[in-house]
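Structural features, examined
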Amino acid sequence: MTRPYAVRAPFAVRAPVTVAALTLLAGCSQGSAGTTGTPQDPPARTLTVLAAASLQRSFERIGSDFEGDHPGVTVRFGFGGSSGLVAQLADGAPADVLATANEPTMDTAVAEGLVAGEPTPFASNRLQIVVPKDNPAGIRSLGDLADPGAKVVLCAPAVPCGAASVAVEQAAGIDIRPVSEEQSVTDVLGKVRSGEADAGLVYVTDVAGAGDEVAGLDVAEAASARSTYPIATLTRADDAALAEEFVAAVTGAEGQSVLQAAGFAAP
Amino acid sequence: MTRLPSLTIPRWLLVPAALGALLVAVPVVAMALTVDWREFGPLVTSEASTDALWLSLRTASVSTLLCLLFGIPLAVVLARTTGAAATLLRSLVLLPLVLPPVVGGIALLQAFGRRGLLGDTLDVLGLEIAFSTTAVVIAQTFVAMPFLVLSLEGALRAAGTRFEDVAATLGAGPTTVFRRVTLPLALPGLVAGTVLAFARCLGEFGATITFAGSLQGTTRTLPLEIYLQREGDPQAAVALSLVLVGVAVLVIALTRARRDSLVAGAT
Amino acid sequence: MTLTADIALESRDVAVDLVVETGETLALLGPNGAGKSTVLAALAGLLHPRGTVALDDRVLSDTGTRTWVAPHDRGIALLAQEARLFPHLDAGDNVAFGPRARGQSRTEAAATAARWLDEVGMTAHAHRRPHELSGGQQQRVAIARALATEPRVLLVDEPLSALDAEAAPEIRDLLRRVLAERTTVLVTHEVLDAALLADRVAVMDAGRVVDTGETTRVLSRPRSDFGARFAGLNLVRGVASDGALLMADGRLLHGLAESPVADGQPVAAVVAPSAVSIHLTHPHGSPRNSLDAVVTELEPHGHLVRVRTDLLSADVTPAAVAELRLHRGSAVVLAVKATEVHLHPSRPLSLA
C-alpha cells in the first residue's frame, strides 16, 4: 500500500483516494484541524507554522518531536523570508504560529494585528564570513572583504540579513563593494558555495548547515548585529492551546538544545 | 471594430473564454487600482528604479539582437531539415522553453561560471562573466531564443519551399534566396518572434538572479528590482510592476501596428 | 540546346528517358498523378533523381559520377501551375528578380523586366502587387519572369489549369508565341494544350512514358491503350483562310475560331470523332463540311466502332457500319457541323 500524498494524517492510509484528495484540498484552504479519524484515536489536528528560512532544519526536528508527543497532531511548515511570510499573513494566509528572523519584522506583524499576545524571543543568530572551502581569495578578516579584488556577495540592504550586514560594516568602519546584493541568505550562500563569489556574509547557522563545502570565519563586530528570533501565536489560530504548546516546545529545553545544535545562540 | 462572434462559435464557449480573459485582466486592473497614484511618480523615478528600467531596456535589446543573430539561422536549419538529428536539435533548442528559468540559470553557471565547464577558458581569455551585465544578456538570450526560433520556424514551414524553388530556377543562389525570398516571406513570423523574445528578455528573472546576481545598475533588472522591493516597499513593487506592464503593452502595440501593415502589404 | 534525361525516382516510382531537341517543345501528357511534375522537378534540380540529366555536353546531374549542378546554375527556368509570384514584390520586381540574381545591375534588370512585361502585355501593371492581379495577369507576369532569365530550357507545368475559362485561351496564345523556337518541356493533362503547343508528345502513365512521337500522330493515332482513352481527337493542321482551315490539298474545313486568326496564319482544327458522321454520298441540306475520304481501318471503341479514314476518324454504331457496308478502302463522305470544329492558332507545320 503506497500513500499517494505526503500527508502524515493517519486517515490517509485507509480512506478512499477521492476522500483523501478532497480532504487534502480542504486542508489547503483551511490549514487547520481536520475532523476525520477513527473513534478510538485522538482527534486529528493540524498545526500550521510559518517560520524564517534559517529555522527550517531545526524546526522540522522540533516539529517531528512535537508530533511524537501529541498523537493525532500534524505540524505543517511554511518556510521563507520573514517579510514575505508576514506579507502572506496580512493577505489572509491561514496559520497558527509565526517565527521570524528579527524583531522588526515581528513588530510589523504585531502592528498589523496578526499576533495574539506577546512575541517571545527564543534564539539569536549572528553573521559570519562564509568562504568556499579552498578560500581562493585568501580571506582572513572582515577587512579583507573591502579589498576590491575580492568578489563579495551580500544580502540587499532591504532584507534583514542585508540590514545586519550594513550594521556590521558600520561597526567595523569599512565599506564593502559587493558584486551582487542578493535577495536572501540562501542566495548568498549559494553563490559562495558554487565558487562564483569569494566570500559573503551569512548567518552562522547557514554556515553550519552548509557542510564541508564552505568554511565560516568569526567576526568580532558581528555581535553588534546580532539578530533575535521571536515566536508568537496568531490571532487566526484555530487551536490556540495547541499553538501555545508548540511555542512552549520551541522555548523549552528540548527545543533550545535542537536550536543550539544548529548554531543558534540563546536569545 | 469588434464584430460579434459568428454563429460558428458554440455559445457555451464564450463562458470559459470570458473567464480566461478575466483571469488575465483582473490582476492587472487590480494592480492599477491598488497603486497609490500620488506616490507613483516618486516611486518609479527613484535612482534604483530608473537604473533597473534602463538596464532592462538595454540588456533586453542586446539580447534580442543576439536572439536574431543565432535564432534566425537556427530556425531556417530546423525548418528545412528532416530526420532524427533535426528532431533532436529541435528538442534541444526548445528546451529553455520548458525549463524553469532557475534551472536555466544553474545550467548556465555550470557552463560559464568560474568553476564551470568553460570557466578556465574564459579566465585565460580575460573574460569575467559572473556578476556582469554580460551574464544578464546571456541569461536573457538563453531563455528568449526559443520563442524566436519557434515562431520563425512555424512561419518558414507555413511558407513552404515553393517560392524558394522558383527563385532557385530563376538563377538565385542560396544566399540570394534566403535574403530576398525566405526572410521577406517569413517577416510576420519573424516580427512576432522578435516581440515575444524581447518581452521574454524584459521579464526574465529566474535565470538572471541565479546566474548573474543582483546589483543596482549592473545586473539588477526591473523584475529583480521589483522582487527586491517586495521585501522592503510593497507599494514600490506594485508601481514598478505597472511600469513593466506598460512597457510590454507598448512593445506589443507598436509591433502589432507595424506587422498589420506588413501583412496587408504581403498578401 | 539538346536536353537529354535518363532518370529514375524510386520513391515516386518514376522512370523516364527523354530527349528534347533544340528549339523543340515536348509535351508530357498524362493524367494527374502520372509523375509528370516529378520529372520537371528532377530536370530543374529540385529533386535528386538517379541517372543522368545533360544539356548538350554539360552534365547537370549524374549519380554515376556524383555530378550535381545546383538549380540556380542550370539555366533551366520553371513555370509552375500557379504563377507563384513573390508576394512581397510588385510585378516589375518579380520579373527583374532573375536578371538581378544573375548579376545585372538594378537599372539593367529594370530595363530587362520592362521589355518582358511589354512582351506579355503587362506594362501597365508593372507596379501592382501580385494580389492586385487576376489569375491570368499573374500567369503573364510569371511567364515574363521565367523568360527574363533567358533560360536555355523552359519547363512549363500545367500553365493553364489554374486559370478560368476566359483567361486560358489568351495565355495559351501567349505561350504558343513565346515557346516557338525555345527548348521546352510542357507538362499537361489537356490534350488541347499538347495539340496546340507541342512539336512532340510523350504520353506518361504511372511514372513511365508509354508512347512518344510527333504530336499529330500521337494524338490522332495513339499507340498505347492508355493514350487512346483520352486522346483520339482528330487534329487537322493547315493555314487560316477566311475564317476556315485550308488544308495542304486545298480543301477547306469550316469551324469556329477560339481567338481571331489572320489569313495565312497556321491553325489547327480539333474535332471529336463523335461529331463526325459517315455517308456514302454528299448529304443534302448539308452541314458546312462534307469531305471525301477513304476508310483505312475499323476498330471497336466501346459500344461503337471507330472508323479511321485518311482524313478524320468517326465513331459510329455497329448497325451503321453494317448498313453502309464499310470496309477498308470504302470511299465515304465525312460530314461535320462547323460548330463542332474548333480552330486554334497553331505552331507552323514545318517541324512535323
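How each quantity is defined
- Residues numbered from 1 in each chain as written.
- Chains lettered and ligands numbered in written order.
- Predicted model: local features only at pLDDT ≥ 70, side-chain atom pairs only at ≥ 80, totals over all residues.
- Heavy atoms only, no water.
- UniProt positions renumbered as here; feature names shortened; annotations may be inferred.
- Phe/Tyr/Trp six-rings, centres within 6.5 Å; stacked < 30°, edge-to-face > 60°.
- Helix = DSSP H or I, 4+ residues; strand = E, 2+ residues; numbered from the N terminus.
- Buried < 20%, exposed > 50% of the residue type's maximum accessible area, 1.4 Å probe, protein only.
- Pairing = 2+ DSSP bridges.
- Axes fitted to C-alpha atoms, helices over the stretch in contact; angles between N-to-C directions.

- An unreviewed UniProt entry lists chain C under the name Molybdenum ABC transporter ATP-binding protein, with Knoellia aerolata DSM 18566 given as the organism.

- The name given to chain B in an unreviewed UniProt entry is Molybdenum transport system permease, and the organism recorded there is Knoellia aerolata DSM 18566.
- Looking at chain B in UniProt, the text filed under Sequence similarities (unreviewed entry) is "Belongs to the binding-protein-dependent transport system permease family. CysTW subfamily."
- UniProt's Subcellular location (unreviewed entry) comment on chain B is quoted here verbatim: "Cell membrane".

1. Considerations on the packing of aromatic side chains
All names here are of chain A.
- What the rule picks out here adds up to 13 aromatic pairs over all chains.
- A centroid spacing of 6.0 Å and a plane angle of 75° characterise the contact between Phe59 and Phe246, whose relative ring orientation is edge-to-face. You can see Phe59 sitting in helix H3 (residues 56-69) and its partner Phe246 sitting in helix H9 (residues 240-251), a full 187 residues away along the chain.
- Judged by its relative accessible area of 0%, Phe59 falls in the buried class.
- You can call Phe246 buried: its relative accessible area is 0%.

2. Describing helix H1 (residues 36-44) of chain C
Residues and elements named next belong to chain C.
- Burial analysis of H1 places 8 of its 9 residues in the buried class, the great majority of the element.
- Within H1, the full set of buried residues consists of Lys36, Thr38, Val39, Leu40, Ala41, Ala42, Leu43 and Ala44.
- Positive backbone phi, approximately 90°, marks Gly45, located one or two places after H1.

3. A few points about the pairing of strand S8 (residues 199-203) of chain A
All names here are of chain A.
- Here S8 lies mainly inside the structure; 5 of its 5 residues are buried.
- Judged from the 4 bridges that link them, strand S5 (residues 127-132) and S8 form a sheet pairing that is antiparallel. Note that in S8 the partner of Gln128 across the bridge is Val202.
- Sheet topology places strand S6 (residues 152-155) next to S8; 2 bridges connect them, and they run parallel. Pairing of Val153 across the sheet is with Gly200, part of S8.

4. Details of the sheet that holds strand S20 (residues 313-316) of chain C
All names here are of chain C.
- The 5 strands lie next to each other as S17-S21-S18-S19-S20, forming an open sheet whose pairing is antiparallel. Each edge of the open sheet is held by one strand with a lone partner, namely strand S17 (277-279) and S20. The mean inter-strand angle of the sheet, taken between neighbouring strand axes irrespective of direction, is 45°.
- Of the strand pairs in this sheet, strand S19 (residues 304-309) and S20 are connected by 4 bridges, and their pairing is antiparallel. Each bridged residue has a counterpart across the sheet, and for Val305 the counterpart in S20 is Val316.

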